[in-house]
Amino acid sequence: MTGPKIAMLGLGSMNGAILTGLLSSGVSPEQVVATSRSSESAQRRSQHYGVQVLAEENDDAANRTAAAQAEIVFLGVKPYQITDLCAGIKDALKPGAVVVSVAAAVTLEMMEAALAEGQPVIRTMPNTPLSVGAGVVGLSAGTHTSQQQVELVAELLGASGSVHVIPEEQIDALSAIAGSGPAYAFYLAEQMAAAGAELGLDPELAAGLAAETIYGAGKMLLENQGKADAAQLRRNVTSPNGTTEQAISTFDAADMGQTIRAGAAAAAARAAEITGQLRGQ
Ligand SMILES: NC(=O)c1ccc[n+]([C@@H]2O[C@H](COP(=O)([O-])OP(=O)(O)OC[C@H]3O[C@@H](n4cnc5c(N)ncnc54)[C@H](O)[C@@H]3O)[C@@H](O)[C@H]2O)c1
């Protein structure tokens, strides 16, 4: 085993996507110990990822046992479970281990208060495309986290996507665009596939066309950065008096742009609301 030992507490969708990215970027399975709630899911995930997965159902101390071994501890449970998990592993953690939360809405202050004084903490907002090497991560460091620890975590996650170190006040906004954003793109893909099927295409072909088109458009957006923005690339597809113009006019008439902005604003507002609830407000 080379590299730091990594614990992944709560191996669900998000920690699973991070783990897939880590393993494909060269982290060895021996470096990782994970936990899950049920023994059935622990067994299934252990087989899937090829890492050790301890089940909390079998052993109350599973999270503590995993955390005690690690230099980096990812917390991948639901927001309302994070501070209880912090309190549960508090005495087991190595003093220099860095605790990395992936949870929406849970602040650095909340985690620091639930952990031992001086424990390094990082709050992230990742997205699931980390699993295919094309993720986005927002990252904010806590009071006791060294620059070296920020760089270590950023380097690990950066092997499967882009990492943006931002002030914590901006995490909800980043979450509304990049954390939730894959769901917006999948929603668009669902509607494009349904439209293709309604227009007479085989549904499987229509779904494939939607996926390939969104992938191609995303690749063009990235490869044209600094040269042509999204609006320009859209105009390049939209011939005057042509077919695309009819589609875009229909979207504009329904104020789809405003709907998308309102959706993202609602996601950010919900994060702030959960933070308030967790503070007991
Ligand atoms: N899914 C996403 O796209 C996404 C993106 C960014 C952030 N997040 C954040 O990730 C966190 C997890 O979300 P998710 O979508 O992966 O949910 P999930 O339900 O898929 O994963 C949570 C996992 O934690 C396990 N778990 C629950 N209690 C446990 C315990 N006490 N000990 C060990 N494991 C336990 C569950 O069995 C489950 O596998 C949330 O806080 C969410 O805000 C999710």
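No experiment lies behind these values; they were computed from the predicted model shown.

Attention now moves to the UniProt feature "binding site: NADPH" (unreviewed entry) in the protein chain. The UniProt entry lists Asn 63 under the feature "binding site: NADPH" (unreviewed entry), expressed in the numbering used here. Excluding its chain neighbours within four sequence positions, the residues that come into contact with Asn 63 are Leu 9, Thr 35, Glu 56, Leu 85 and Ile 89.

This brings us to the site of the ligand. The immediate surroundings of the ligand are formed by 22 residues, with Ser 13, Met 14, Arg 45, Asn 63 and Val 77 found nearest. Note that an oxygen atom of the ligand is positioned 3.0 Å from one of the side-chain N or O atoms of Lys 78. Gln 81 places a polar side-chain atom, nitrogen or oxygen, 3.1 Å from a nitrogen atom of the ligand. Notes on the ligand: free accessible area 820 Å², of which the protein chains cover 80%. When each cavity is represented as a set of grid points, the ligand is found to reside in the second largest pocket. When residues of the shell around the ligand are traced back to their parent elements, those giving at least two are α1 (13–24), β2 (32–36) and β6 (121–126). Each residue belonging to the shell around the ligand can be placed in one class, and the counts come to nine nonpolar, nine polar and four charged.

Count 3.6 residues to each turn of an α-helix, and residues three or four apart come out pointing the same way. What helix α4 (residues 82–89) keeps buried is the set Ile 82, Leu 85, Cys 86 and Ile 89. Summarising the axial view, the buried residues of α4 lie within an arc of 105°, below the 170-degree limit, and thus occupy one face. Buried residues belonging to α4 abut β1 (6–9), α3 (62–68), β4 (72–75), β5 (98–101) and α5 (108–114).

A word on the environment of Thr 124. Inspection of the secondary structure assignment puts Thr 124 in strand β6. For the pair Thr 124 and Ile 166, spaced 42 residues apart in sequence, the C-alpha separation works out to 9.7 Å. When sequence neighbours within four positions are dropped, the list of residues in contact with Thr 124 reads Val 100, Ser 101, Val 102, Ala 103, Val 137, Gly 138, Leu 139, Leu 157 and Ile 171.

This part covers the UniProt feature "domain: Pyrroline-5-carboxylate reductase catalytic N-terminal" (unreviewed entry) in the protein chain. UniProt annotation of "domain: Pyrroline-5-carboxylate reductase catalytic N-terminal" (unreviewed entry) refers to residues 5–104 when read in the numbering used here. Secondary structure within residues 5–104 divides into 38% helix and 21% strand; the distance between the first and last C-alpha atoms comes to 24 Å.

Quick look at unusual backbone geometry now. One non-glycine residue with positive phi stands out, namely Asn 241, at about 65°. A relative accessible area of 76% places Asn 241 in the exposed class. With a phi angle near 55°, Asp 255 is a residue other than glycine that sits in the positive phi range. With respect to the element layout, Asp 255 can be found in the loop between α11 (243–253) and α12 (256–278).

Spatially, eight strands are ordered β3-β2-β1-β4-β5-β6-β7-β8 in an open sheet, and the strand pairing comes out mixed. Every other strand in the sheet has two partners, leaving β3 (52–55) and β8 (161–165) as the edge strands with one partner each. Taken pair by pair, the neighbouring strands of this sheet meet at an average axis angle of 20°, ignoring direction. As paired strands, β5 and β6 are joined by three bridges and run parallel to one another. Paired with Ser 101 across the strands is Arg 123, a residue of β6. Packing against the sheet, α1 makes contact with β1, β2, β4 and β6, and its axis sits at approximately 155° to β1. Helix α2 (residues 39–49) contacts β2 and β3 of the sheet and is inclined by roughly 175° relative to β3.

Rules used in this analysis
- Residues numbered from 1 in each chain as written.
- Predicted model: local features only at pLDDT ≥ 70, side-chain atom pairs only at ≥ 80, totals over all residues.
- Heavy atoms only, no water.
- UniProt positions renumbered as here; feature names shortened; annotations may be inferred.
- Contact = heavy atoms within 4.5 Å.
- Near = heavy atom within 4 Å.
- Polar contact = N/O pair within 3.5 Å; in protein donor to acceptor, adjacent residues only side chain to side chain.
- Areas by Shrake-Rupley, 256 points an atom, 1.4 Å probe, with all protein chains shown as cover.
- 1 Å grid on protein atoms, 1.4 Å probe; cavity = no way out; pocket = protein on both sides within 12 Å on 5 of 7 lines; lining within 4 Å.
- Sits in = over half its atoms within 2 Å of the grid points.
- Helix = DSSP H or I, 4+ residues; strand = E, 2+ residues; numbered from the N terminus.
- Nonpolar A, V, L, I, M, F, W, Y, C, P; charged D, E, K, R; others polar.
- Buried < 20%, exposed > 50% of the residue type's maximum accessible area, 1.4 Å probe, protein only.
- Arc of directions from axis to C-beta.
- Pairing = 2+ DSSP bridges.
- Axes fitted to C-alpha atoms, helices over the stretch in contact; angles between N-to-C directions.

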